[in-house]
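So the chains spell out like this:
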Amino acid sequence: MNTRNKGFLYFICAVSAMGGLLFGYDWVVIGGAKPFYELYFGIADSPLMQGVAMTTALVGCLFGAMVAGALADRYGRKPLLMLSAVLFTTSAIGTGWFDDFTLFNLWRFVGGVGIGVASALAPMYIAEVSPAQIRGRMVSLNQMTIVLGILGAQIVNLLLARDTTVAESQAWNVEWGWRWMFWAETVPAALFLVMSFFIPESPVYLKMKSEVLSVKNEEAGLKEMCRPKYRRVLLLGLVIAVFQQWCGTNVIFNYAQEIFVGAGFDVDGMFINIVITGIANVVFTVVALYTIERWGRRTLMLIGAGGLGLIYLVLGTCYALGMTGLLMVALVVAAISVYAMTLGPVTWTLLAEIFPNRVRGVAMATCTFALWVGCCTLTFSFPTMNAVLGSSGTFWIYSLICVCAFLFLLRRCPETKGKSLEQLESELVIN
């Protein structure tokens, strides 16, 4: 590949990966806005309404992921990426604009649809335009932008949240601060929309569309994916997708307030610690860019499952012993670091690689839908688990899930590095 073509490849992958950046920002920004909009809408003492506000976008993710595959196979990858940019932009404006809690949730749902579409389409598009020898690294760019979006949201939240000990500042937080946290997303969302006009359609989609037009009797879509020869690879994709969420790391982003307050920190200390975890997330995602083609996908998935299982076991024990302070922050940062280097980027890479061209769109959407079901159940169950079992019991359960996943991956996860999509299809699909 010459320098000019390589530069263009990086450009189109970076544009597609901007969907990941907005995914990360939109997903995490609510964690910093949470203490303030709850007071504004009067739901600070209503766990049910708090849960509704936190999960509305996730419901949108489910819907977006559910329709993304079929629409992408029918209309192409590029139009769906552009649609997600529109959804992100309008959601960012609407969420902070309205004073009604129902409308707040409606626009969070719209943003969630954008997340669902982008999370399914961006890694798939990148995998389809990238050569086999650098495909893992290029798909990992999507995870890199996700964590940059997460860090961006954390920094924006830190900068916009004024001193909570000063009455006037707290009043500003409750009236305007949380609004600007959402509005800040409009800048990268609008940039994504403009730049998406300059990327080409996926060559795999163009080839598939041509083949479908010439072979009219072949079946495609969900019915095709459910044929026996695809079941093994579909099961693998579903388990990998759900485990990325059920490993428990993402509750640290969504419920950072509860986790760090439980570890002995006040709200101001919480914001600082959240940014620390965001920096660790970015640093170790960069490490993943350099290890995913050297160590391989299988090795990194096993390191992630085993490492998190051990860290959560220790973290739960520390909670049980009533320990607080920097040790707890160090364990949380360690968990984020392991996740960022392994399960975070490698999951998206594997999902984009393991499915045959003919069913990749619908299979990727199905697994992304399962991933967001996992995220939704994880997010919704954490407050109840934390209340009933305590932080110790909750993290012990996450540790057990990681151990079970380690055993499954040890037996079923293939190595995909350096192999073409066609070669992987011949190896993973039962004929």
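Residues numbered from 1 in each chain as written. Predicted model: local features only at pLDDT ≥ 70, side-chain atom pairs only at ≥ 80, totals over all residues. Heavy atoms only, no water.

J.: What is the right way to look at the overall build of the chain in this model?
T.: Helix and strand counts for the chain stand at 18 helices and zero strands. Among the 431 residues that make up the chain, the fraction classed as buried is 58%. Pairs at least 24 apart in sequence give 85% of the contacts found in the chain among residues at least 6 apart. Summed over its atoms, the accessible surface of the chain is roughly 16800 Å², and 69% of this surface lies on carbon and sulfur atoms. (Helix = DSSP H or I, 4+ residues; strand = E, 2+ residues; numbered from the N terminus. Buried < 20%, exposed > 50% of the residue type's maximum accessible area, 1.4 Å probe, protein only. Contact = heavy atoms within 4.5 Å. Areas by Shrake-Rupley, 256 points an atom, 1.4 Å probe, with all protein chains shown as cover.)

J.: Got a minute to help me understand the nonpolar core in this structure?
T.: Soluble globular proteins tend to bury their nonpolar side chains together. The biggest cluster of nonpolar side chains holds 118 residues, and the ones touching the most others in it are W27, Y37, L121, L308, W372 and L409. With 17 residues, helix 17 (residues 360-412) is the largest single contributor of residues to this core. Membership of the second largest hydrophobic core comes to six residues, among which are M144, V275, V282 and L289. (Core = buried A, V, L, I, M, F, W, Y, C linked by side-chain atoms within 4.5 Å.)

J.: What am I meant to see in the side chain of S337 here?
T.: Position of S337 relative to the elements: it lies in helix 15 (residues 326-341). Relative accessible area serves as the criterion here: at 8%, S337 is assigned to the buried category. Those residues in contact with S337 that lie beyond four places of it in its chain are A280 and F284.

J.: So what exactly am I meant to see when it comes to the environment of S381 here?
T.: Mapped onto the secondary structure, S381 falls in helix 17. Placed 13 residues apart in sequence, S381 and T394 show a C-alpha to C-alpha distance of 10.0 Å.

J.: Help me out: how do you make sense of helix 2 (residues 47-75) in this one?
T.: Given 3.6 residues per turn, any residue in an α-helix points the same way as the ones three and four places further on. Compared with an ideal rise of 1.5 Å per residue, which puts 29 residues at 42 Å, helix 2 spans 41 Å between its outermost C-alpha atoms and is within 8% of the ideal. Most pronounced at T55, the bend in helix 2 amounts to some 40°. Of the residues flanking the end of helix 2, it is G76, one or two places downstream, whose phi is positive at about 110°. (Expected span 1.5 Å × (residues − 1). Bend = angle between axes of the 7 residues up to and from the residue.)

J.: Is there a simple way to explain the confidence of the model for the chain in this structure?
T.: If pLDDT is low for a region, its predicted coordinates should not be looked at in detail. On average, residues of the chain carry a pLDDT of 81, and 87% of them reach 70 or more. Confidence scores differ between elements of the chain, with helix 12 (residues 256-262) showing the lowest mean pLDDT of 61 and helix 14 (residues 297-320) the highest of 93. When the criterion is pLDDT under 50, residues 213-219 qualifies, and its contacts beyond four places in sequence or with other chains add up to three contacts. (pLDDT = per-residue confidence, 0-100.)

J.: How should I be thinking about the pattern of salt bridges in this particular structure?
T.: Note that side chains of opposite charge can pair when their charged atoms are close. Evaluated as defined, the whole model comprises four salt bridges. Residues joined in a network through salt bridges with shared partners are E293, R297 and E353. (Salt bridge = Lys/Arg side-chain N within 4 Å of Asp/Glu carboxyl O.)

J.: For this particular structure, what's the right way to read the packing of aromatic side chains?
T.: The geometry of an aromatic ring pair is captured by two quantities: the separation of the ring centres and the angle between the planes. For the structure shown, the criterion picks out 19 aromatic pairs. Each ring, one from F101 and one from F104, has its centre 6.2 Å from the other, and the planes form 10°; the classification is stacked. With F101 and F104 both in helix 4 (residues 101-129) and three residues apart, this pair spans about one turn of that helix. Note on F101: relative accessible area 17%, which makes it buried. Connected via pairs of aromatic rings, a cluster forms that spans Y37, Y40, F41, F101, F104, W178 and F182. Above the face of the Y40 ring, R179 is positioned so that its terminal group lies 4.9 Å from the ring centre. (Phe/Tyr/Trp six-rings, centres within 6.5 Å; stacked < 30°, edge-to-face > 60°. Lys NZ or Arg CZ within 6 Å of the ring centre and 35° of its normal.)

J.: I tried to follow the environment of L331 on my own but got confused; where do I start?
T.: Here L331 shows up in helix 15. A residue is classified by how much of its surface remains accessible, and L331, at 14% relative accessible area, is buried. C-alpha separation for the pair L331 and L315, spaced 16 residues apart in sequence, amounts to 6.4 Å. Residues contacting L331, with those up to four places away along its chain left out, are I311, V314, L315 and C318.

J.: Where do I start with the packing of helix 3 (residues 77-97) against helix 4 in this structure?
T.: Each pair of packed helices gets described by two things: the angle between the helix axes and the distance between those axes. Where helix 3 meets helix 4, the axes come as close as 8 Å, and the angle between the chain directions of the two elements is 150°. Regarding the angle of helix 3 to helix 4, the classification is roughly antiparallel. Judged by the twist between their axes, the crossing of helix 3 over helix 4 is left-handed. Along the lines of polarity and charge, the residues of the contact of helix 3 with helix 4 split into 15 nonpolar, seven polar and three charged. (Axes fitted to C-alpha atoms, helices over the stretch in contact; angles between N-to-C directions. Parallel < 35°, antiparallel > 145°, perpendicular 65-115°, else oblique. Left-handed = near helix turned anticlockwise from the far one by under 90°. Nonpolar A, V, L, I, M, F, W, Y, C, P; charged D, E, K, R; others polar.)

J.: Can you help me understand helix 16 (residues 343-353) in this one?
T.: Extensive coverage of helix 16 is indicated by the burial of eleven of its eleven residues. Burial in helix 16 covers these residues: L343, G344, P345, V346, T347, W348, T349, L350, L351, A352 and E353.

J.: Got a minute to help me understand the environment of C13 in this structure?
T.: Its location among the elements puts C13 in helix 1 (residues 3-40). According to the relative accessible area criterion, C13 is buried, its value standing at 0%. For the pair C13 and A127, spaced 114 residues apart in the sequence, the C-alpha separation amounts to 9.1 Å.

J.: Would you mind showing me how to read the packing of helix 2 against helix 4 here?
T.: Direction vectors running N to C along helix 2 and helix 4 enclose 40°, while the axes themselves pass 6 Å from each other. Here helix 2 lies oblique to helix 4, going by the angle between them. Between helix 2 and helix 4 lies a crossing whose hand is right-handed. Along the lines of polarity and charge, the residues of the contact of helix 2 with helix 4 split into 19 nonpolar, six polar and one charged.

J.: Which parts of the structure should I look at to understand a nonpolar patch on the surface?
T.: The grouping of F8, F11, V194, F197 and F198 at the surface amounts to a nonpolar patch, some 520 Å² of accessible area in total. When you line up the elements, F198 lands in the loop between helix 7 (186-195) and helix 8 (203-214). When its relative accessible area of 58% is taken as the criterion, F198 is described as exposed. (Patch = residues over 30% accessible without salt bridge, like charges linked within 9 Å, V, L, I, M, F, W, Y side chains within 5 Å.)

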